[in-house]
Amino acid sequence: MKEKIYTIPVNEGFEAGGECPFCNMYKGLEKDAVDYMLGPSYMEDDIRMETNRLGFCPKHYKHLYIQQNRLGVGLMMHTHLQNINNNLEKLCRDYKPDKKPLFKKAEGNPISDYINNISNSCYVCNKISATLERYIDTFFYMWKNMPEIRESVKNCRGFCLDHFSLLVAEGQNKLSAGDYKEFLDILLPLEQENLKRLEGEVEWFTDKFDYRNKDKDWGTSKDALPRAITKLASEFVEE
Ligand SMILES: [Zn+2]
Ligand SMILES: [Zn+2]
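Residues numbered from 1 in each chain as written. Chains lettered and ligands numbered in written order. Predicted model: local features only at pLDDT ≥ 70, side-chain atom pairs only at ≥ 80, totals over all residues. Heavy atoms only, no water.

**A short note on the coordination of the zinc ion (ligand 1)**
Line of reasoning, step 1. All of the protein donors around the zinc ion (ligand 1) are C20 (SG), C23 (SG), C160 (SG) and H163 (ND1); their distances to the metal are 2.0 to 2.3 Å.
Line of reasoning, step 2. Around the zinc ion (ligand 1), the 4 donor atoms sit at angles spanning 97 to 118°, and that spread fits a shape best called tetrahedral.
Line of reasoning, step 3. Sequence spacing of the donor residues for the zinc ion (ligand 1), all on one chain, is C-x2-C-x136-C-x2-H. Here C160 lies in the loop between α8 (148-155) and α9 (161-174) and C23 lies in helix α2 (residues 21-37), a separation of 137 residues in the sequence. Both residues of the pair, C23 and C160, belong to the buried class. (Donors = N, O, S within 2.8 Å, 3.2 Å for Na, K, Ca; no water. Tetrahedral: all angles 85-135°; square planar, octahedral: opposite > 155°, others 65-115°. Helix = DSSP H or I, 4+ residues; strand = E, 2+ residues; numbered from the N terminus. Buried < 20%, exposed > 50% of the residue type's maximum accessible area, 1.4 Å probe, protein only.)

Below, the structure written as structure tokens:
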């Protein structure tokens with residue numbers, strides 16, 4: 001039973017189709033995380049402590065902003081700004097640059113190190129990646145123990161570049177040498193075939209701009225660009 005709870009989201013990611021099952025899983029987690037942030041959770045102390053410290057990445061600021069709970073976003077941003085102002089006040093007060101030889105590059109400084117850290121941290125990204133890591137573990141568990149997942153992999157349209165690379169790297173850690181070889185024998189041709197399929201679809205998309213092709217059938221190329229963006233950049237764009 002417990003096993004089933006973990007395998008459901010992985011199976012659903014494959015069932016949703018598209019250019020990458022793991023991007024489907026990511027998208028579901030992202031939606032849940034943003035909804036959760038703007039539910040009653042933003043009033044909880046431990047979550048507010050974390051959002052005050054980490055803030056959000058540009059993409060997730062945008063996601064939060066377009067939701068309807070502007071008060072929730074406002075309250076989170078207010079205390080996050082308070083937190084930054086307190087830290088920055090102290091850092092600016094204490095900052096005494098070392099004397100460095102001319103033309104020698106300085107090795108960072110506490111003010112830009114602090115700002116870089118905040119710019120690269122995001123509460124929502126952290127929350128998603130912790131769960132996605134568990135899904136990757138579950139996927140390899142399924143690969144070892146549940147033959148159905150192999151059929152799901154064979155029948156999918158490959159993975160986005162990022163998740164393909166993750167599967168190649170993680171498979172090496174999580175599978176025995178024999179299982180890993182078998183995994184690669186399926187994964188590598190599958191990914192290359194699907195990248196070539198997409199290359200052809202995008203090519204036909206561009207060929208359709210030629211007036212001689214105006215009345216020819218789009219085939220599967222009409223939404224080739226948004227699908228190519230998912231494949232190349234793990235991102236979903238509206239058609
Ligand atoms: Zn992906
Ligand atoms: Zn983020």
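**Considerations on the confidence of the model for the protein**
Line of reasoning, step 1. For the protein, mean pLDDT is 93; residues scoring 70 or higher make up 97% of the total.
Line of reasoning, step 2. Model confidence for the protein, summarised as mean pLDDT per element, is weakest for helix α1 (residues 2-15) at 88 and strongest for helix α11 (residues 224-233) at 98. (pLDDT = per-residue confidence, 0-100.)

**Description of the packing of helix α4 (residues 58-66) against helix α5 (residues 70-94)**
Line of reasoning, step 1. α5 packs onto α4 with a crossing angle of 140° between their chain directions and a minimal axis gap of 8 Å. By the angle between their directions, the pair α4 and α5 is classed as oblique. Residues Y61, L64, Y65 and I66 of α4 form the contact with α5, whose own contacting residues are R70, V73, M77 and H80.
Line of reasoning, step 2. Taken together, the residues of the contact of α4 with α5 sort by class into 6 nonpolar, 1 polar and 1 charged. (Axes fitted to C-alpha atoms, helices over the stretch in contact; angles between N-to-C directions. Parallel < 35°, antiparallel > 145°, perpendicular 65-115°, else oblique. Contact = heavy atoms within 4.5 Å. Nonpolar A, V, L, I, M, F, W, Y, C, P; charged D, E, K, R; others polar.)

**A short note on the coordination of the zinc ion (ligand 2)**
Line of reasoning, step 1. For the zinc ion (ligand 2), the full set of protein donor atoms is C57 (SG), H60 (ND1), C122 (SG) and C125 (SG), and the range of their distances to it is 2.0 to 2.3 Å.
Line of reasoning, step 2. Coordination geometry of the zinc ion (ligand 2): the 4 donor atoms subtend angles of 101 to 113° at the metal centre, consistent with an arrangement described as tetrahedral.
Line of reasoning, step 3. Here the donor residues for the zinc ion (ligand 2) map to a single chain with the spacing C-x2-H-x61-C-x2-C. On the criterion of sequence distance, the pair formed by H60 in helix α4 and C122 in the loop between α6 (110-119) and α7 (123-145) is long-range, its members being 62 residues apart.
Line of reasoning, step 4. Here C122 falls in the buried class, since its relative accessible area comes to 3%.

**Re the nonpolar core**
Line of reasoning, step 1. The biggest cluster of nonpolar side chains holds 46 residues, and the ones touching the most others in it are F14, M37, F139, F159 and F183.
Line of reasoning, step 2. Every element with two or more residues in this core is listed here: α1, α2, α3 (45-54), α5, α7, α8, α9 and α10 (177-207).
Line of reasoning, step 3. Residue contributions to this core peak at 10 residues, all from α7.
Line of reasoning, step 4. Not counting the four nearest positions on each side in its chain, F183 is found in contact with F139, F140, W143, L167 and L175. (Core = buried A, V, L, I, M, F, W, Y, C linked by side-chain atoms within 4.5 Å.)

**Details of α3**
Line of reasoning, step 1. Three or more residues of α3 are buried, namely I47, R48, T51, N52 and L54.
Line of reasoning, step 2. In the core, the buried residues of α3 are packed alongside α2, α5, α6 and α7.
Line of reasoning, step 3. Positive backbone phi, at 65°, marks G55, one or two positions downstream of α3.

**A short note on the packing of aromatic side chains**
Line of reasoning, step 1. For the structure shown, the criterion picks out 13 aromatic pairs.
Line of reasoning, step 2. Arranged with centres 6.0 Å apart and planes meeting at 35°, the rings of F22 and F159 form a pair that is tilted. Within this pair, whereas F22 is found in helix α2, its partner F159 is found in the loop between α8 and α9, the two being separated by 137 residues in sequence. Side by side, F22 and F159 carry an identical accessibility label, which is buried.
Line of reasoning, step 3. Through a chain of ring-to-ring contacts, three or more aromatic side chains come together here, namely F14, F22, F139, F140, W143, F159 and F183.
Line of reasoning, step 4. The positively charged end of R70 is found above the aromatic ring belonging to Y65, 3.9 Å away from the centroid.
Line of reasoning, step 5. In this structure, K208 is placed above the aromatic ring of W218, and the distance from its NZ or CZ to the ring centre is 5.0 Å. (Phe/Tyr/Trp six-rings, centres within 6.5 Å; stacked < 30°, edge-to-face > 60°. Lys NZ or Arg CZ within 6 Å of the ring centre and 35° of its normal.)

**Thoughts on the pattern of salt bridges**
Side chains that differ in sign of charge can pair as their charged atoms come close.
Line of reasoning, step 1. Applying the stated criterion across every chain yields a total of 19 salt bridges.
Line of reasoning, step 2. In this structure, the salt-bridge partner of R227 is E19, at a minimum N-O distance of 2.9 Å. Of the two residues, R227 sits in helix α11 while E19 sits in the loop between α1 and α2, which places them 208 residues apart along the sequence.
Line of reasoning, step 3. As a salt-bridge pair, K154 and E151 come within 3.4 Å of each other at their nearest N and O atoms. Here the residue K154 and the residue E151 both occupy positions in helix α8, the gap between them amounting to 3 residues, near one helical turn. (Salt bridge = Lys/Arg side-chain N within 4 Å of Asp/Glu carboxyl O.)

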